[in-house]
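Reading the structure
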Protein chains: 2
Amino acid sequence: MIVRSRSPVNAEPPASALAEDDITATNAFYCRNHGPIPDIAAKRWRLRVDGAVARPLELTYHELTTRFPAHDVVATLACAGNRRAELLKVRPIPGKDPWAQGAISTAAWRGARLADILRAAGVTPADGLHVAFDAPDVAQEACPVQTYGSSIPLGKALSGDVLLAWQMNGEPLPRLHGGPVRVVVPGFIGARSVKWVIGITVQPCESRNYFQAVDYRLLPADPDPGEAGIALSSLALSCGILVPDDGATVPAGPLSVRGYAIADDSRRVARVEVSVDGGASWRPAALRPGRSRWAWRPWTCTVAAQPGPLRVVARAWDDTGATHPESPAALWNPGGYANNSWPRVDVTVR
Amino acid sequence: MIVRSRSPVNAEPPASALAEDDITATNAFYCRNHGPIPDIAAKRWRLRVDGAVARPLELTYHELTTRFPAHDVVATLACAGNRRAELLKVRPIPGKDPWAQGAISTAAWRGARLADILRAAGVTPADGLHVAFDAPDVAQEACPVQTYGSSIPLGKALSGDVLLAWQMNGEPLPRLHGGPVRVVVPGFIGARSVKWVIGITVQPCESRNYFQAVDYRLLPADPDPGEAGIALSSLALSCGILVPDDGATVPAGPLSVRGYAIADDSRRVARVEVSVDGGASWRPAALRPGRSRWAWRPWTCTVAAQPGPLRVVARAWDDTGATHPESPAALWNPGGYANNSWPRVDVTVR
């Protein structure tokens, strides 16, 4: 793992580790934390469910894992700051980790559907409601210092594949990844998949937690004072190149390029293309099905590598025919978020 | 109106006509046709509803307009080929009309909800079903020559704001715009809002009509033989500059820029920005609410115009923080569709 910070622990795998399997090994799954890792024994864990519900609940780990049907979802999670390093080359972003392209990983999650828990609590679906998650990890970076929290719209929470997960890749959810129980919100930025979740509140507004109300928002490049920005939610259409490594030396001849693509949470990936002439011409990549509707779609494309420097570029299209921006310069923002520009890898061909 | 072809009639308003009101005057609404305009008296119009329904229907105009609740929707329609002219500068597209930026307009539509009609016919919602529309206008450009048709997914058809419309801006739907009855599919490319609709079929596949199966598909720039492309459906996030006119001469000093923005059919417009330095810096535009969830959001922005040539550029962001591509070169495709690159207007400041 490439460690971005030790306290809190933040680390990403090299791109090649992500290329090894459609499902990321747990020990290669990226780690994004805002505070010390809580140490909560499953026996002592409790989940409070309250707010705009008819029957507030308090659930033990045993109740969560036995009272509700277990549901399996393969889902890709990605940090909103994935590929921030490319934005840093446009303009500095002080105090933010320079994630390369490894702050994205895919796992098989098992848990209870959040929808089942909210229904057990007697929630009444209504427009404008949000589901806030509270965790016990204390973020020194927050202002004021506070525990981590976040929220998602109730409609998303009821959509069926949002989990309170207690397993990751067939094993009990590791403490590092939010064990004993975390939220998994497929299709949304990783920041909404709150780890070590201990509280769920149905409420008429977004979470007022720092990480919903202040951080993880897309500000204009030069914001006016008081500008609130856009709360990040769905991941945007994007793709990545995992093989070859950026900076690698490769033999001349056919070069196999491999990567992944994801669509936003209401779309599917329909096409990936690769260019070795700066976007003047494109070759279609062979797309494999994702392991689920919420998992990245792996792709491969063989291009001709002539001796000399070679830049490989990729782009994706979704099932409505939409594509994503070309350049990180057009996406620079003060938080360094949501860089879904065309991925680029530079190699030397010998 | 700027006439793009006389037979069939295809015409668009100048941008300044679109800036006059949030709702486009009926005589300024763009006209996109594939054949001669049918002449169907309301008294002789019939609608057949069949396919995967429990109770096939045949409805008269009187039945359509009295048996079902009238529903009002303000919706922006846009041709998939809007702004094709910019793509033509990248690479020629033979046989396609060079739409400038006027093949988009907004009207107040009144009609019956398609969902109500499908329910009256006893449709059973199921994944993978489509709703095909048949019209009587004969398209000589189709291969083989055939009447116009198209389809949308059943889920979209049941979503509530898809209309069989008989009024436009408070008047009976003009023949030129599909009267006596047309489909209005808010959020989708105009080609799915089938005019003079006479048949609706619920079926397990997309329409096999030329305009669904062959045309209005997004092909790669250099397609392999047999490449099917992506059937266009939802409009993509986009914006346009309506004032000043491209090529205009304007006085030095504060320059008021006006335009519109639309999001894709699952998102909302959250931000519009204007640049007069080629994208190096951006000013926030003042966004007005759309007249409905399906109408464009008008915006204004005042910039400083110094004497000399001035290029004004705009871009939009949706409520998930996604934005759209910068350059038409990256969007060129053989059909000349879906150009949602940053709009650009060149003026001379004196």
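The rules behind each value
Residues numbered from 1 in each chain as written. Chains lettered and ligands numbered in written order. Predicted model: local features only at pLDDT ≥ 70, side-chain atom pairs only at ≥ 80, totals over all residues. Heavy atoms only, no water. Helix = DSSP H or I, 4+ residues; strand = E, 2+ residues; numbered from the N terminus. Rg over C-alpha atoms; globule rule 2.2 N^0.38 Å. Buried < 20%, exposed > 50% of the residue type's maximum accessible area, 1.4 Å probe, protein only. Contact = heavy atoms within 4.5 Å. Lys, Arg positive; Asp, Glu negative; His and termini not counted. Charge placed at Lys NZ, Arg CZ, Asp CG, Glu CD. UniProt positions renumbered as here; feature names shortened; annotations may be inferred. Pairing = 2+ DSSP bridges. Axes fitted to C-alpha atoms, helices over the stretch in contact; angles between N-to-C directions. Least-squares fit on C-alpha atoms with pLDDT ≥ 70 in both. Buried area = accessible area lost by both parts, 1.4 Å probe. Salt bridge = Lys/Arg side-chain N within 4 Å of Asp/Glu carboxyl O. Polar contact = N/O pair within 3.5 Å; in protein donor to acceptor, adjacent residues only side chain to side chain.

1. Section: the overall build of chain A
- Secondary structure assignment for chain A yields six helices and 23 strands.
- For 350 residues, the compact-globule estimate of 2.2 N^0.38 gives 20 Å, and chain A sits close to it at 20 Å.
- Here the C-alpha coordinates of chain A stretch approximately 65 × 45 × 40 Å along the principal axes.
- Expressed as a percentage of the 350 residues in chain A, the buried residues total 57%.
- In chain A, once contacts between residues fewer than 6 apart in sequence are set aside, the share between residues at least 24 apart is 71%.
- Between the averaged position of the 37 positive side-chain charges in chain A and that of its 33 negative side-chain charges there is a distance of 3 Å.

2. A look at the UniProt feature "domain: Moybdenum cofactor oxidoreductase dimerisation" (unreviewed entry) in chain A
- In this structure's numbering, the residues bearing the UniProt feature "domain: Moybdenum cofactor oxidoreductase dimerisation" (unreviewed entry) are residues 235-349 of chain A.
- Taken end to end, residues 235-349 of chain A is 0% helix and 48% strand, and its two terminal C-alpha atoms sit 34 Å from one another.

3. Focus on the sheet that holds strand β12 (residues 199-203) of chain A
All names here are of chain A.
- Pairing in this open sheet of five strands is mixed, and the strands run β4-β3-β12-β7-β8 from one edge to the other. Strand pairing shows two members of the sheet lacking a second neighbour, β4 (57-60) and β8 (146-153), which therefore form its edges. Strand after strand, the sheet turns through a mean of 20 degrees between neighbouring axes, direction not considered.
- Pairing between strand β3 (residues 46-51) and β12: four bridges, direction parallel. Considered in β12, the bridge of Gly51 is made with Val202.

4. Notes on the relation of the copies chain B and chain A
- For the match of chain B to chain A, the screw axis carries a shift of 0.0 Å, the RMSD comes to 0.0 Å, and the turn is 180 degrees. Within this description, the copies of the chain are treated as partners about a two-fold rotation axis. The rotation axis passes nearest to the C-alpha of B:Pro325 in chain B, at a distance of 2.1 Å.
- A shared binding surface is used by both copies, with 100% of the interface residues of chain B retained as interface residues in chain A.

5. Considering the side chain of A:Ser193
Residue and element names in this part refer to chain A.
- Along the chain, Ser193 turns up in the loop between β11 (182-184) and β12.
- Assessed through its relative accessible area of 2%, Ser193 is described here as buried.
- Not counting the four nearest positions on each side in its chain, Ser193 is found in contact with Leu77, Arg182, Val183, Val184 and Val185.

6. Regarding the interface of chain B and chain A
- Each partner contributes to the interface: chain B provides 35 residues, whereas chain A provides 35 residues.
- For the pair chain B and chain A, the two sides together bury roughly 2400 Å², of which 53% comes from carbon and sulfur.
- Connecting chain B to chain A are four salt bridges.
- For A:Asp264, the salt bridge goes to B:Arg267, with nearest N and O atoms at 3.0 Å.
- Scanning the region where chain B abuts chain A turns up 11 residue pairs in polar contact (both at pLDDT 80 or more).
- Counting residues per element, the ones that place at least two in the side of chain B that touches chain A are β14 (230-231), β18 (269-275) and β22 (308-318) of chain B.

7. Regarding the pattern of salt bridges
- Evaluated as defined, the whole model comprises 34 salt bridges over all chains.
- In this structure, the salt-bridge partner of A:Arg4 is A:Glu12, at a minimum N-O distance of 2.6 Å.
- Residue A:Arg4 is classed as partly exposed on the basis of its relative accessible area of 24%.
- Salt-bridge contacts for B:Asp346 lead to B:Arg311; the nearest nitrogen and oxygen are separated by 2.8 Å. Of this pair, B:Asp346 sits in strand β23 (residues 344-349) while B:Arg311 sits in strand β22, placing them 35 residues apart in sequence.
- Given a relative accessible area of 42%, B:Arg311 falls into the partly exposed group.

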